[in-house]
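Coordinate analysis (summary)
Take a look at the letters that make up each chain.
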Amino acid sequence: IQGDRIMYVPTRLRVLRIKYKITLKALAGRMNISNQHLSRMELADIPPTEYHEHLLCLGMERLLAEWDSAPEELKQEYQTYKGRLLQPAKEVEDEY
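So, here is what we can say about the structure in this document.

Thresholds applied
Residues numbered from 1 in each chain as written. Predicted model: local features only at pLDDT ≥ 70, side-chain atom pairs only at ≥ 80, totals over all residues. Heavy atoms only, no water. Buried < 20%, exposed > 50% of the residue type's maximum accessible area, 1.4 Å probe, protein only. Helix = DSSP H or I, 4+ residues; strand = E, 2+ residues; numbered from the N terminus. Arc of directions from axis to C-beta. Contact = heavy atoms within 4.5 Å. Core = buried A, V, L, I, M, F, W, Y, C linked by side-chain atoms within 4.5 Å. Salt bridge = Lys/Arg side-chain N within 4 Å of Asp/Glu carboxyl O. Axes fitted to C-alpha atoms, helices over the stretch in contact; angles between N-to-C directions. Parallel < 35°, antiparallel > 145°, perpendicular 65-115°, else oblique. Nonpolar A, V, L, I, M, F, W, Y, C, P; charged D, E, K, R; others polar.

Our next topic: helix H5 (residues 72-81). Burial in H5 covers these residues: Leu74, Glu77 and Tyr78. The buried residues of H5 occupy one face: seen down the axis, they fall within an arc of 100°. Contact partners of the buried residues in H5: helix H1 (12-19) and helix H4 (50-66).

Ranked by size, the top nonpolar core spans 22 residues in total, and within it Leu27, Met31, Leu38 and Leu56 carry the most contacts. Elements that contribute at least two residues to this core include exactly H1, helix H2 (24-31), helix H3 (35-42), H4 and H5. Leu27 has contacts with Leu13, Arg17, Ile22, Leu38, Leu56, Gly59 and Met60, leaving out every residue within four places of it along the chain.

Across all of its chains, the model carries six salt bridges by this definition. Arg17 serves as the salt-bridge partner of Glu42, at 2.8 Å between the closest nitrogen and oxygen. With a gap of 25 residues between them, Glu42 in helix H3 and Arg17 in helix H1 connect regions that are remote in the sequence. Both residues of the pair, Glu42 and Arg17, belong to the buried class.

With that out of the way, let us pick up the packing of H1 against H5. For the pair H1 and H5, interaxial distance at closest approach is 11 Å and the crossing angle is 175°. With respect to each other, H1 and H5 are oriented roughly antiparallel. Residue-level inspection shows Arg12, Leu16 and Lys19 of H1 in contact with H5, the latter providing Glu73, Leu74, Glu77, Tyr78 and Tyr81. For the contact of H1 with H5, a count of residues per class yields four nonpolar, no polar and four charged.

Time to look at unusual backbone geometry. Generally, phi is negative for residues other than glycine and the peptide bonds are trans, each holding for most cases. Look at Lys21: it is not a glycine, yet its phi comes out positive at around 55°. Along the polypeptide, Lys21 turns up in the loop between H1 and H2. For Lys21, a relative accessible area of 74% puts it in the exposed group. Here Ala44, not a glycine, exhibits a phi torsion of approximately 60°, which is positive. Mapped onto the elements, Ala44 comes out in the loop between H3 and H4. Note on Ala44: relative accessible area 48%, which makes it partly exposed.

Attention now moves to H1. Here H1 has its buried residues at Arg12, Leu13, Leu16 and Arg17. Viewed along the axis of H1, the buried residues span an arc of 125°, placing them on a single side of the element. On its buried face, H1 sits against H2, H3, H4 and H5. Trailing H1 by a residue or two, Lys21 shows a phi angle of about 55°, which is positive.

In structure tokens:
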């Protein structure tokens, strides 16, 4: 904590999901997990595992296959970070 701000490091998944307005519900549904579990994964409240990365890949690929007008940039970013979506993206300040 710095003053009245909390420093946290979001995962690449969270950054991509927010950037492209992908809801927790939309992605979690394609992964067959709850919104809460996906939220805990992307906030690193639970340790990342190979199985979680596998689930994310399945979910993202299903989402992209169903999203006819998915931005090309999203597809490229997904391919860049595939298998590493639960790794930290960068440090972000958040109001406390």
